[in-house]
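# Coordinates in review
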Amino acid sequence: MTAETQIKETITSNDVVLFMKGTKSMPQCGFSSRVAGVLNFMGVDFADVNVLADDEIRQGIKDFTDWPTIPQLYVKGEFVGGCDIITEMTLSGELDTLFTENGVTFDKDAADKIREANAD
């Protein structure tokens, strides 16, 4: 199976997928840790793909999206963005809207707590 085939299969068979360095329980970079932490805190059920475990997937995901950095978040097969975009979407409430529109279950109170903790 090619990396592209494996990536397509993963993002179509899971509602939410995070391609990251490490795993959701043990992230191995700060950016992956931030995004996984947000998703975990919000109670989102997501598949994690450790790009450090497979060089073909690590390069393949960058080629697949034409996006040079990891982590990369997918919701319902669509690329959403990396760490900075997910952080901005979380703080603006856009991530809540994206999840709601796509039928992804999450803890709205937890999302509100993230925003409260980061308010000026």
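Residues numbered from 1 in each chain as written. Predicted model: local features only at pLDDT ≥ 70, side-chain atom pairs only at ≥ 80, totals over all residues. Heavy atoms only, no water.

With that settled, consider the packing of helix α1 (residues 3-13) against helix α3 (residues 55-65). Taken N-terminus to C-terminus, the directions of α1 and α3 make an angle of 75°; their axes are 9 Å apart at the nearest point. With respect to α3, the element α1 is oriented roughly perpendicular. Contacts from Ala3, Glu4, Gln6, Ile7, Lys8 and Ile11 in α1 reach Glu56, Ile57, Gly60, Ile61 and Phe64 in α3. Of the residues belonging to the contact of α1 with α3, the class tally is 6 nonpolar, 2 polar and 3 charged. (Axes fitted to C-alpha atoms, helices over the stretch in contact; angles between N-to-C directions. Helix = DSSP H or I, 4+ residues; strand = E, 2+ residues; numbered from the N terminus. Parallel < 35°, antiparallel > 145°, perpendicular 65-115°, else oblique. Contact = heavy atoms within 4.5 Å. Nonpolar A, V, L, I, M, F, W, Y, C, P; charged D, E, K, R; others polar.)

Turning our eyes to something else, we now look at the nonpolar core. Counting 23 residues, the largest nonpolar core has Leu18, Leu39, Met42, Val44, Leu73, Leu95 and Phe99 as the members making the most contacts within it. Put simply, the parts of the chain that give this core at least two residues each are β1 (16-20), α2 (30-41), β3 (72-75), α4 (83-92), α5 (94-101) and α6 (108-117). Broken down by element, the residue count for this core peaks at 4 residues, all from α2. (Core = buried A, V, L, I, M, F, W, Y, C linked by side-chain atoms within 4.5 Å. Buried < 20%, exposed > 50% of the residue type's maximum accessible area, 1.4 Å probe, protein only.)

What follows is about the pattern of salt bridges. One pass over the structure, following the stated rule, counts 6 salt bridges. Residue lysine 108 is joined to aspartate 112 by a salt bridge in which the shortest nitrogen-to-oxygen separation is 3.1 Å. Here the residue lysine 108 and the residue aspartate 112 both occupy positions in helix α6, the gap between them amounting to 4 residues, near one helical turn. We note a salt bridge from arginine 115 to aspartate 112, for which the minimum N-O separation is 2.9 Å. (Salt bridge = Lys/Arg side-chain N within 4 Å of Asp/Glu carboxyl O.)

Right, let's get into the sheet that holds strand β2 (residues 47-50). Think of a sheet as strands paired side by side through backbone hydrogen bonds, with each pair either parallel or antiparallel. Strand order in the open sheet formed by 4 strands is β2-β1-β3-β4, and the pairing between neighbours is mixed. The open sheet has two free edges, formed respectively by β2 and β4 (78-81), since each of these has just one partner strand. The mean angle between the axes of side-by-side strands here comes to 25°, regardless of whether they run parallel or antiparallel. Here β1 runs beside β3; their pairing, made up of 4 bridges, is antiparallel. Its bridge partner being in β3, valine 16 is matched across the sheet by valine 75. (Pairing = 2+ DSSP bridges.)

A few words on the packing of aromatic side chains. Remark: the centre distance and the inter-plane angle together describe each pair of aromatic rings, the angle taken between the planes. The tally for this structure, following the rule as stated, stands at 5 aromatic pairs. Between the aromatic rings of tyrosine 74 and phenylalanine 79, the centroid separation amounts to 5.5 Å while the plane-to-plane angle is 50°, which identifies the pairing as tilted. On the basis of relative accessibility, which here comes to 2%, the residue tyrosine 74 falls in the buried class. We classify phenylalanine 79 as partly exposed; its relative accessible area is 28%. With a centroid separation of 5.7 Å and 50° between ring planes, the pair formed by phenylalanine 99 and phenylalanine 106 is classed as tilted. For the residue pair phenylalanine 99 and phenylalanine 106, the accessibility class agrees, reading buried in each case. Put simply, the rings of Phe19, Phe64, Trp67, Tyr74 and Phe79 pair up and form one aromatic cluster. Sitting above the plane of the phenylalanine 46 ring, lysine 24 keeps its charged end 4.5 Å from the centroid. (Phe/Tyr/Trp six-rings, centres within 6.5 Å; stacked < 30°, edge-to-face > 60°. Lys NZ or Arg CZ within 6 Å of the ring centre and 35° of its normal.)

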